[in-house]
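# Working through the structure, step by step
Residue strings, one per chain:
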Amino acid sequence: MANESKYNWRFRNIGGMTRVIISNGEDIAHLDELDEKLWTVLSCPAGGLEFDQQTLELIDSDKDGKIRVNEIKATAKWLTSVLKDPDTIIKESDTLPLYAINEQNENGAKLLASAKQILSNLGLEKDEITLAEASDSVAIFAKTQFNGDGIITPASADDETLKALITTIAEKIGSCTDRSGEAGVNADQIEAFYAACKDYSEWMAAKTADTLPYGDNTEAAFAACEAIKEKVADYFMRCKLSAFNADATGALDVSVDRIGAISANNLAACNDEIAGYPLARIDGKKELPFEGINPAWQGAFATLKTLVLDVDFKDKESITEQEWNDTLAKFGAYTAWTGAKKGDAVESLGLEAVETILKEDKKAALIALVDEDKKYEAESASIDEVHKLVRLCKNFYTLILKSGVNLLCKAHILFVINLGRNNYYLIRCSYNRPLNTVIIVVLLNDGSKCSAYADTVASHNHGILFTILIKINTVQCIRVLCTKLEDMTYLSTSCHLQRLTTLRTCTTLYCITYIS
């Protein structure tokens, strides 16, 4: 297979197919030079694998849920450029010595400074950083006043008034989680808080004498009227029907038979039934009496009488329908005012507190704190890059070369299947492996044309089972990163079975690697 790369690649022939050997840091450093025809697989999913999820997400730069060749190449290039010795990647350690970072590289110099900053923030004095230390963003930023995420917490402010304001905004408008793990607020939430204070203040200022016909009791008086107005309307309609046809008065009133039907029951439990009776007796009169109210409505009517009727009709014992309608009309200005209500989020603070907040006007000071926090964005991003560096040092080589998942099913043998289009062979596996493990090696149907069909394998759109013949005595381990299998139940577990002509399974290949 022709290869235009100037790098001296080493190859191995496996089952008649040429495969590149990746065994050291220099191989990884030159991955961007490797002809894509020599890549067994051109993409894999960025999730759902038995592999470190955060590593996959770090490599998936465009966040499309797939890791493609260009992303592997870019990761390899970045990783080897910020390390002095690319063989650091091969060690797969979760501890990175600071001296391993290439400070002659611009990105490497930033990473080294950030790694030292992380250790300083954690109160550690040493010359190496672990993956656990680099990953713990809460601990890293726990004692920092600013961390570049545009979120401020009470700890971001020195002034006690500002500290209290930040807490209030978080409570009334909502909060964001700061990198330190504490609840804080951002610029949008600060703006929303002050807008709510302004709206609430202006809304309260629009209140007039007409708005509150019953003074401070207006809200309760309105609620009392709303609670019973449908029942009052029903009463007056019954009175009008009775006047229209006196013979219907008995039917419009509550009958003895209806009460008798529930008299044997616990009447305290019959409130719903009783509440359906008229508000007061229908006896030909056209006014609503203040006495003789339906027992189920007496509580609501007593509240209405105290807040409204005793105010407007102090010396009366009943009211007409017109008087009742006039009473309801008095709430017109009040309902219009409440309908235009704004600034609900800060109402619980009270008007006096809202006015004080507006008068002191600390919004600019809070926004200034947010702006100050954002100045550390690059530094904090570089700290995140340290986490990326340490995690990739531990897992990147594993991903591109030798890790994956074993497919679990009932069979106890390794299936390695012949290149032939119609012949499928089962070969017994002699190396140590987990019990109940089947490893399906899926590649191409013609070893001599393997590179030409690479895109077919990588497309993941075909229900194919193409394989490569492997000499077992030269293979120590074969692992499949991720496959999807259907209808495996009929496979024999016999290690003596040498031929299987009916093995057809919908297989999606994502990655396959070899270790010799």
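Each chain has its residues counted from 1, running along the sequence as written. Totals for whole chains, interfaces and linings use all residues, but because this is a predicted model, local features are given only for residues with pLDDT of at least 70 and pairs of side-chain atoms are given and counted only at 80 or more. Derived side-chain values reflect all non-hydrogen atoms in the structure, with water molecules and hydrogen atoms excluded from consideration.

## A word on the overall build of the chain
Only DSSP runs of H or I reaching four residues or more are called helices, and only runs of E reaching two or more are called strands; each is numbered from the N terminus. Scanning the chain from terminus to terminus reveals 20 helices and 14 strands. Within the chain, buried positions represent 43% of all 516 residues. Between two residues, a contact is recorded if the distance between any of their heavy atoms is within 4.5 Å. For the chain, long-range pairs separated by at least 24 residues make up 70% of all intrachain contacts whose partners lie at least 6 apart in sequence. Working definition of accessibility: Shrake-Rupley area with a 1.4 Å probe, residue cover restricted to the visible protein chains. For the chain, the exposed area adds up to about 26500 Å²; of that, 49% sits on carbon and sulfur atoms. Throughout this description, buried means an accessible area under 20% of the type-specific maximum (1.4 Å probe, protein chains only), exposed means over 50%, and partly exposed covers the range between.

## Brief notes about the packing of aromatic side chains
Two rings from Phe, Tyr or Trp (for Trp, the six-membered ring) form a pair when their centres are within 6.5 Å of each other. A pair whose planes differ by under 30 degrees is stacked, one over 60 is edge-to-face, and the rest are tilted. With the rule as written, the count across this model stands at eleven aromatic pairs. With a centroid separation of 5.4 Å and an interplanar angle of 55 degrees, the aromatic rings of Phe-222 and Tyr-334 are classed as tilted. Placement of the pair is Phe-222 in helix 10 (residues 218-244) and Tyr-334 in helix 16 (residues 332-339), with a sequence separation of 112 residues. Judged by relative accessible area, which is 22%, Phe-222 ranks as partly exposed.

## Some thoughts on the nonpolar core
Residues belong to a common nonpolar core when they are buried Ala, Val, Leu, Ile, Met, Phe, Trp, Tyr or Cys residues joined through side-chain atoms within 4.5 Å. If you look at the biggest cluster of nonpolar residues, it comprises 53 residues, and the most contacted ones within it are Ile-190, Leu-288, Leu-304 and Leu-366. With residues up to four places along the chain from it excluded, the contact list for Leu-304 reads Ala-224, Cys-225, Ile-228, Leu-309 and Trp-324.

## Let's talk about the side chain of Asn-395
The topology assignment puts Asn-395 in helix 19 (residues 377-402). Exposure remark for Asn-395: the relative accessible area of 9% places this residue in the buried category. Setting aside residues up to four positions removed in sequence, Asn-395 forms contacts with Phe-51, Asp-52 and Thr-55.

## Considerations on the packing of helix 8 (residues 160-172) against helix 9 (residues 187-205)
Running from N to C, helix 8 and helix 9 point in directions that differ by 85 degrees, and their axes come no closer than 10 Å. Classified by the interaxial angle, the pair formed by helix 8 and helix 9 is roughly perpendicular. The segment helix 8 lies against helix 9, with Leu-165, Thr-168 and Ile-169 engaging Gln-189, Ile-190, Phe-193 and Tyr-194. Lys, Arg, Asp and Glu make up the charged group, whereas Ala, Val, Leu, Ile, Met, Phe, Trp, Tyr, Cys and Pro make up the nonpolar group; the residues left over, Gly among them, are polar. For the contact of helix 8 with helix 9, a count of residues per class yields five nonpolar, two polar and no charged. In this description, a line fitted to the C-alpha atoms serves as the axis of each element, helices being fitted only across the stretch in contact, and the angle between N-to-C directions of two axes falls anywhere from 0 to 180 degrees. An angle counts as roughly parallel when it lies under 35 degrees, as roughly antiparallel when it exceeds 145, as roughly perpendicular when it falls between 65 and 115, and as oblique in every other case.

## Details of the environment of Asp-234
On the secondary structure map, Asp-234 appears in helix 10. Between the C-alpha atom of Asp-234 and that of Pro-278, which follows or precedes it by 44 residues, the distance is 7.5 Å.

## Some thoughts on the packing of helix 9 against helix 17 (residues 351-360)
Where helix 9 contacts helix 17, the axes come no closer than 10 Å and their chain directions differ by 125 degrees. In terms of their interaxial angle, helix 9 and helix 17 are classed as oblique. For the pair helix 9 and helix 17, the crossing hand works out as left-handed. Packed against helix 9, whose contacting residues are Phe-193, Tyr-194, Cys-197, Lys-198, Tyr-200, Ser-201 and Met-204, the element helix 17 presents Leu-351, Val-354, Glu-355, Ile-357 and Leu-358 at the interface. Tallied by class, residues from the contact of helix 9 with helix 17 come to nine nonpolar, one polar and two charged. By definition, any crossing whose near helix is turned counterclockwise from its far helix by less than a right angle is left-handed, and any crossing with a clockwise turn is right-handed.

## Concerning helix 10
In this analysis, the expected span of each helix is defined as 1.5 Å times one less than the number of residues it contains. If you check helix 10, its first and last C-alpha atoms are 36 Å apart, about what 27 residues at 1.5 Å a residue would give, namely 39 Å. When the local axis directions of helix 10 are compared, the greatest deviation, roughly 50 degrees, occurs at Ile-228. Every buried residue of helix 10 is accounted for by Thr-218, Ala-221, Ala-224, Cys-225, Ile-228, Lys-231, Val-232, Tyr-235, Phe-236, Cys-239 and Ser-242. The term bend refers to the angle at a residue between two fitted axes, each drawn through seven residues, those ending there and those starting there.

## Examining unusual backbone geometry
Its identity as a non-glycine residue notwithstanding, Glu-92 has a phi of 55 degrees, on the positive side. Examined against the element boundaries, Glu-92 turns out to sit in the loop between helix 4 (88-91) and strand 5 (95-97). Given a relative accessible area of 21%, Glu-92 falls into the partly exposed group. Look at Asp-361: it is not a glycine, yet its phi comes out positive at around 45 degrees. Its place among the elements puts Asp-361 in the loop between helix 17 and helix 18 (363-374).

## Structural notes on the environment of Asp-158
Mapped onto the elements of the fold, Asp-158 is located in the loop between helix 7 (137-141) and helix 8. Classification of Asp-158 as exposed rests on a relative accessible area of 68%. Sequence spacing of Asp-158 and Gln-145 is 13 residues, and the spatial spacing of their C-alpha atoms is 9.6 Å. Among all residues touching Asp-158, those that are not within four sequence positions of it are Gln-145 and Lys-163. Within polar-contact distance, the side chain of Asp-158 engages the side chain of Gln-145 at 3.5 Å. Pairs of N or O atoms within 3.5 Å make up the polar contacts considered here, provided that, within protein, one atom can donate a hydrogen while the other can accept it, and that residues adjacent in sequence are counted only when both atoms are side-chain atoms.

## So, the side chain of Asn-294
Checked against the element boundaries, Asn-294 lands in the loop between strand 9 (288-289) and helix 14 (298-312). Among the polar contacts made by the side chain of Asn-294, one reaches the main-chain carbonyl oxygen of Pro-278 at a distance of 3.2 Å. In this structure, Asn-294 is in contact with Ile-274, Ala-275, Tyr-277, Pro-278 and Leu-279, ignoring residues within four places of it in sequence.

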